[in-house]
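Chains, contacts and geometry: an overview
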Amino acid sequence: MKTKSRGRITMAVAVNTSRFDNITMAPPDPILGVSEAFKADTSDMKLNLGVGAYRTEELQPYVLKVVKKAENLMLERGENKEYLPIEGLAAFNKATAELLFGADNPVLHQQRVATIQGLSGTGSLRVAAALIERYFPGAKVLISSPTWGNHKNIFNDARVPWSEYRYYDPKTVGLDFDGMIADIKAAPDGSFVLLHGCAHNPTGIDPTLEQWEKIADVIQEKNHIPFFDVAYQGFASGSLDEDASSVRLFAARGMELLVAQSYSKNLGLYAERIGAINVLCSSADAAVRVKSQLKRIARPMYSNPPVHGARIVANVVGNPDFFNEWKEEMEMMAGRIKSVRQKLYNNLSAKDKSGKDWSFILKQIGMFSFTGLNKAQSDNMTDKWHVYMTKDGRISLAGLSAAKCEYLADAIIDSYHNVS
């Protein structure tokens, strides 16, 4: 505020400036921005295949029946809302480590796993990134090309350097395994290798068991540290054990490793922000020290985690009836996604007369499919067909209904063949 004096009259002149004028507008989030554009579209044919959230055949959000039962149990018990410890709910931490490694795994009995509850997968990854930055200064994280859109943001924010390893082969719309192995071999010894435990996001392309063995061989040879992101355990194949097989394979070799977990997809707890970071160490003593530092990192970051989702997970896993019901619902959700994946492939194969092989869609797993469409073709999907997706060609099959498979096939065929 500036003042001007003219004799006895004082005039106040407002100056419209802000201390925040040098802050620029952030770009829209490439994934969450898709949902905003979808909501603004008035077309009856619109499809939101951008965000990875499960939908029913009627394309409505789904709250698992077992989650409702677990919440009713919490109400009956009259549980309070007191702060959790920094490391989270003890019953949750025990349950999540057992789900990941297997309840009878020696690494748990030997108390070699440091586990703390985190803010879903993102928060758990962020805590681990801070651990890397603090105790492995200069170490690089290798990230698959492509990867989930938030991975790079997380490591950039934590000031952890990263580089990419080859993963997706556009020629085959499959895994570039030779390129992946070569890049992991070429990385500086002692690097962290970020691996998607199952249902790779965004491609849906997973290594075979034999390929996982070779990946483990190279990581051991190079003294690298594997860092798994497990966001879809039980949701990819419908089996909790099958989807954890990659992590358990590495653990059985005696390797030290990190694993971030999320319960957004497999229990539908998207808004509860419930997950965990696990660090498997070579000794129980090391695990105690690592856990103390994970807690030290978490304290100034968010103090302690929320309780509601943690109690849901602990109740579901801790009650045999609930646990079996959860497995049935996971199989149902995974089965519906497999069904629309098959139906989409059938429609593409029947309608596309060019002879193009669409079988790569069936070889992919989980909620996503990497269509192989480029940015211009993806833009056509949205602009002409009202199909909302990320610009890298990824679609979420969890947001597709059987009734819309034919329409989506028409959109993909038109975009692939008529847009360069």
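For the structure given in this document, a descriptive report is provided here. (Residues numbered from 1 in each chain as written. Predicted model: local features only at pLDDT ≥ 70, side-chain atom pairs only at ≥ 80, totals over all residues. Heavy atoms only, no water.)

Turning next to the overall build of the protein. Looking only at helices and strands, the protein has 16 helices and 15 strands in total. Expected size for 420 residues packed as a compact globule is a radius of gyration near 22 Å; at 24 Å, the protein falls within 12% of this value. Here the protein, with 420 residues, has 54% of them falling under the buried criterion. Considering only contacts in the protein between residues 6 or more positions apart, those separated by 24 or more positions represent 74%. Working note: accessible area of the protein is about 19800 Å², and carbon and sulfur atoms make up 52% of it. Considering the protein, the positive charge centre built from 49 side chains and the negative charge centre built from 47 side chains are found 8 Å apart. (Helix = DSSP H or I, 4+ residues; strand = E, 2+ residues; numbered from the N terminus. Rg over C-alpha atoms; globule rule 2.2 N^0.38 Å. Buried < 20%, exposed > 50% of the residue type's maximum accessible area, 1.4 Å probe, protein only. Contact = heavy atoms within 4.5 Å. Areas by Shrake-Rupley, 256 points an atom, 1.4 Å probe, with all protein chains shown as cover. Lys, Arg positive; Asp, Glu negative; His and termini not counted. Charge placed at Lys NZ, Arg CZ, Asp CG, Glu CD.)

A full pass over the atoms with the stated rule returns 16 aromatic pairs. Ring geometry for Y168 and F370: centres 4.7 Å apart, planes at 85°, overall edge-to-face. Here F370 lies in strand β13 (residues 368-370) and Y168 lies in strand β7 (residues 168-169), a separation of 202 residues in the sequence. Residue classification places Y168 among the buried positions, given a relative accessible area of 17%. (Phe/Tyr/Trp six-rings, centres within 6.5 Å; stacked < 30°, edge-to-face > 60°.)

So, on to the nonpolar core. Of all hydrophobic cores here, the largest spans 99 residues; its most connected members are F101, L195, I215, F250, L267 and W326. When residues in this core are grouped by element, the largest group, 9 residues, is from helix α13 (residues 320-351). Setting aside its immediate chain neighbours within four residues, L195 contacts Y165, M180, W212, I215, I219, P226, F227, F228, D229 and F250. (Core = buried A, V, L, I, M, F, W, Y, C linked by side-chain atoms within 4.5 Å.)

This brings us to the pairing of strand β4 (residues 113-119). Where burial is concerned, most of β4 is hidden: 6 out of the 7 residues are buried. The pairing of β4 with strand β12 (residues 274-280) spans 7 bridges and is antiparallel. From the neighbouring strand, I116 faces β12, where its bridge partner is I277. (Pairing = 2+ DSSP bridges.)

Summed over the entire model, instances satisfying the criterion amount to 19 salt bridges. R289 serves as the salt-bridge partner of D285, at 3.0 Å between the closest nitrogen and oxygen. Highlighted residues: D285 and R289, both in helix α11 (residues 284-302), separated by 4 residues, approximately one helical turn. The class for R289 is partly exposed, based on a relative accessible area of 49%. (Salt bridge = Lys/Arg side-chain N within 4 Å of Asp/Glu carboxyl O.)

Okay, the pairing of strand β11 (residues 257-262) next. Across the 6 residues that make up β11, a large majority, 6, are buried. In the sheet, strand β10 (residues 225-230) pairs with β11 via 4 bridges, with the strands oriented parallel. Residue pairing across strands places F227 opposite L258, the latter belonging to β11. With 6 bridges joining them, β11 and β12 adopt antiparallel strand pairing. Within the sheet, the bridge partner assigned to A260 lies in β12 and is I277.

On to the packing of α13 against helix α16 (residues 405-418). Remark: α13 packs on α16, axes separated minimally by 9 Å, with the N-to-C direction vectors making an angle of 50°. The orientation of α13 with respect to α16, classified from their angle, is oblique. Considering how the two elements wind past one another, α13 and α16 form a crossing that is right-handed. Facing α13, whose interface residues are V340, K343, L344, N347, L348 and K351, α16 presents C405, E406, L408, A409, D410, I412 and I413. (Axes fitted to C-alpha atoms, helices over the stretch in contact; angles between N-to-C directions. Parallel < 35°, antiparallel > 145°, perpendicular 65-115°, else oblique. Left-handed = near helix turned anticlockwise from the far one by under 90°.)

Glancing now at the side chain of S237. With respect to the helices and strands, the residue S237 is situated in the loop between β10 and α9 (240-243). Once residues within four sequence positions are removed from consideration, S237 is found in contact with E242, D243, A334, K338 and I365.

Our next topic: the sheet that holds β10. In space, the 7 strands of this open sheet follow the order β4-β12-β11-β10-β9-β5-β6, with mixed pairing throughout. Every interior strand has two partners, whereas the edge strands, β4 and β6 (162-166), have only one. Here the average twist between neighbouring strands, direction ignored, is 25°. Where strand β9 (residues 192-196) and β10 come together, 5 bridges link them in parallel fashion.

Negative phi characterises most residues that are not glycine, and trans characterises most peptide bonds. A cis amide bond, omega 5°, links S145 with the succeeding residue P146. Residue position: P146 is located in the loop between β5 (141-145) and α6 (151-157).

Looking at the secondary structure, you find N48 in strand β3 (residues 47-48). When the C-alpha atoms of N48 and L397 are compared, they prove to be 9.8 Å apart, with 349 residues separating the residues in sequence. Not counting residues within four places of it along the chain, the set of residues in contact with N48 comprises V34, S35, F38, Y388 and G399. At 3.4 Å, the side chain of N48 and the side chain of S35 are in polar contact. Within the local environment of N48, its side chain forms a polar contact with the backbone nitrogen of G50, the two atoms lying 3.1 Å apart. (Polar contact = N/O pair within 3.5 Å; in protein donor to acceptor, adjacent residues only side chain to side chain.)

It is worth spelling out the packing of helix α2 (residues 65-77) against helix α12 (residues 308-318) at this point. Taken N-terminus to C-terminus, the directions of α2 and α12 make an angle of 105°; their axes are 9 Å apart at the nearest point. When the axis of α2 is compared with that of α12, the two are roughly perpendicular. Of the residues in α12, those touching α2 at V66, V67, A70, E71, L73, M74 and R77 are H308, R311, I312, N315 and V316. When grouped by side-chain class, the residues that make up the contact of α2 with α12 number 7 nonpolar, 2 polar and 3 charged. (Nonpolar A, V, L, I, M, F, W, Y, C, P; charged D, E, K, R; others polar.)

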